[in-house]
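# Analysis of the macromolecular model
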Amino acid sequence: MASVLRRSISELLAELGALEKRATSDVPPLPLGEFLSREFLPAVAQVEGELVEAPHLRAWAELLECHRFVAIIAFRGSLKSTLAKAVVAHVLRSHARGAYDAVYYSATVDLARWHLRRLKLYLEGLAPAWGWRDATAGEAVLRYERPGAIFSCEPAGLDQASRGRRCNLLVLDDVSDPKKLASMADIDRALESLQRRILPLLKDKSARVLLVGTPLIEGDVIAWAEKNPEFLTTRLPAILADGQAAWPQKYPLEELERIKRLVGEKSFRAEYLLHAVAPADTFIPPDVLEAAILRGEP
Amino acid sequence: MIAKLIDWSAHPTKGNPERLLSRYSLYAGLDVGRFVHPSHLAVIVPLERDDSGVPAHKRHFVQVASVWLDDEPYVEQIKVIKEVLAVGVGSRKLYYDNTRGELVALREQGLLPSWWCGITLTAESKMQMAQRLLLALEQGRLKLLPDERQKRSLLMVNNLLKAEESGGEHGEAFTSLMLALEATRWKPLVESVYIEGLYG
């Protein structure tokens, strides 16, 4: 009786092992750069419409393959958030055994939820093809299961008072909220939140952090990451040092000029040229004010 | 003490009294103060007529009044402001900073005209309004009077939208101009004609 039972158990375990093997071996490993161009960006294009070729994404992907802590500081519209989503999707694709937890942080939890809703749409066709079953009806939470493996990615806001969750991957996507930077204390609070509440909750020494964003004010989270030797930081302003457009396929110089006229000089310098403003500088630059004052005839 | 700088010379109505009666809207912003900091009233007018069909927020504006009211009782301030704004026959809107509620009692007593609208500023709304003010100045859509005190006041405000306490001014003009510009975004359901006595 005991030997029959032992045999049944061993057969069951062997079957389970074969099932697991089948589930994972169907998905051959793919470096992040390849994954982006072959699988992820086509899925994004199905939701967002046709995408313009973005060579810088591949360079960023290579950095992410080699480093655990990466900060990508780039101009608005450079697809840095799309890359952050791709990193989460890539982990989902390659995760084979046990539980994997990711947290997607933005300045507010609503913004993080928006990002994950979009990511879930991108994954609608991809995740089942990788053998994952969607285990939640929540549209802004990722929870996938397959034999022997669980994957979750939850949204969170840097403004939340609660403690963070332990995780294997921490994505920080535009965590500085310009509307909340009302004082130096607000800036310090955001930074302290990251240092004391969020980063200590990385699960183990293989856990990763990806920070993407645009600098807003000197001394904010982005500036901290840039100064932190643990982070590998890369910067991509819309106009490079040699005066060329960083992404001419989408933002040629004339388009950037149009954007500058639309958003104004100061915003353009911050959002597109990545020049953070000093907290103590005047909000209205003196030359702008001088030019706006009527002197004699209009 | 009241210091008024009222100058319509940059407006198309200059030298043409008949056009003063045209339907030019008047938009005002008021930063309320009395003891430590003064009140400041900024009045701006569009350069186009109301019936130009151009959406209000896309118009170009010129400041026609900058009024400082130091240590004046609120009732006196309201009287002066009403006088300043009693020109022309176009519609008008005044937004005042209601964050600390200085004028609540006067509103309850019916002493404020109906077209005065109290705005409670939050960190979020203040940043949005400030960005709109900066953009209007950068794009040359808002021209300001050459009031040195106003200029000093505007330059007191830093990137965190805080004004230094050390100077004589405290960013009052920043708030009033920001609110005046915000008032231009207001859309009346029915275009009203201002008639003194009927509206306040």
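### Remarks on the confidence of the model for chain B
Residue and element names in this part refer to chain B. On average, chain B scores 80 in pLDDT, and the residues at 70 or more come to 75%. Confidence, expressed as mean pLDDT per element, reaches its minimum in chain B at helix H1 (residues 17-20) with 56 and its maximum at helix H6 (residues 172-183) with 94. The low-confidence segment residues 190-200 (pLDDT under 50) makes 22 contacts with residues lying over four places distant or belonging to another chain. Interface predicted TM-score (ipTM) for the complex: 0.85; the corresponding pTM is 0.78.

### Overview of the pattern of salt bridges
Side-chain pairs of opposite charge can arise where the charged atoms are in close proximity. Residues and elements named next belong to chain A. Per the counting criterion, the structure on display carries 20 salt bridges over all chains. Note that Glu34 and Arg38 form a salt bridge whose closest N and O atoms lie 2.8 Å from each other. Here Arg38 and Glu34 lie together in helix H2 (residues 32-48), a separation of four residues that amounts to about one turn. Note that Lys260 is salt-bridged to Glu265, the shortest N-O span being 3.9 Å. In this structure Lys260 comes out as partly exposed when scored by relative accessible area, which is 23%. What you see here is one network of salt bridges that share partners, running through Glu34, Arg38 and Arg58.

### Let's talk about the interface of chain A and chain B
Counting residues at the interface gives 35 residues for chain A and 32 residues for chain B. Where chain A meets chain B, there are one salt bridge. Lys151 of chain B serves as the salt-bridge partner of Glu290 of chain A, at 2.7 Å between the closest nitrogen and oxygen. Applying the counting criterion to the chain A and chain B interface returns 13 residue pairs in polar contact (both at pLDDT 80 or more). Of all the secondary structure elements, the ones that give two or more residues to the side of chain A that touches chain B are helix H6 (184-198), helix H8 (253-263), helix H9 (265-271) and helix H10 (286-292) of chain A. Ranked by residues supplied to the side of chain A that touches chain B, first place goes to H10 of chain A with six residues. Tallied by class, the residues present in the side of chain A that touches chain B amount to 23 nonpolar, four polar and eight charged.

### Overview of empty space enclosed by the protein
Under the defined criterion, the tally for this structure stands at two cavities of 30 Å³ or more. Approximately 40 Å³ is the volume attributed to the largest cavity. In terms of lining residues, the largest cavity is bounded by Arg76, Asp174, Val175, Ser176, Gly213, Thr214, Leu216 and Ile222 of chain A. Tallied by class, the residues present in the lining of the largest cavity amount to three nonpolar, three polar and two charged. Here the second largest cavity is characterised by a volume of approximately 30 Å³. Leu30, Val32, Ser39, Tyr74, Gln77, Ile78, Ile81, Leu103 and Trp116 of chain B are the residues that line the second largest cavity. Sort the elements by how many residues they give to the lining of the second largest cavity and helix H2 (residues 74-85) of chain B lands first, with four residues.

Cut-offs and rules
- Residue positions are given per chain, counted from 1 along the sequence in the order it is written.
- Naming scheme: in the order in which they are written, chains are lettered from A and ligands are numbered from 1.
- Since the coordinates come from a predicted model, pLDDT governs what is reported: local features require at least 70, and pairs of side-chain atoms require 80 or more to be given and counted, while whole-chain, interface and lining totals use all residues.
- Hydrogens and waters are ignored; side-chain quantities use all the structure's heavy atoms.
- The pLDDT score gives, residue by residue, the confidence of the prediction method on a 0 to 100 scale.
- Helix and strand labels come from DSSP, where a helix needs a run of H or I of at least four residues and a strand needs a run of E of at least two; each type is numbered from the N terminus.
- Any pair of residues with heavy atoms lying within 4.5 Å of one another is described as a contacting pair.
- When a carboxyl oxygen of Asp or Glu is within 4 Å of a side-chain nitrogen of Lys or Arg, the pair counts as a salt bridge.
- A 1.4 Å probe rolled over the protein chains alone gives each residue an accessible area, and that area as a share of the maximum for its type sets the label: buried under 20%, exposed over 50%, partly exposed in between.
- Any pair of nitrogen or oxygen atoms within 3.5 Å is treated as a polar contact; in protein, a donor-acceptor pairing is required on top of that, and neighbouring residues in sequence qualify only through side-chain atoms on both sides.
- Polar here means any residue other than Ala, Val, Leu, Ile, Met, Phe, Trp, Tyr, Cys and Pro, which are nonpolar, and Asp, Glu, Lys and Arg, which are charged; Gly is therefore polar.
- Only protein atoms enter the 1 Å grid, on which a cavity is a set of points fitting a 1.4 Å probe that cannot get out and a pocket is an open set with protein on both sides within 12 Å along at least 5 of 7 lines, lining residues being those with an atom within 4 Å of a point.
- Grid points are joined across faces, edges and corners, and a volume is the space filled by probe spheres set on the points.

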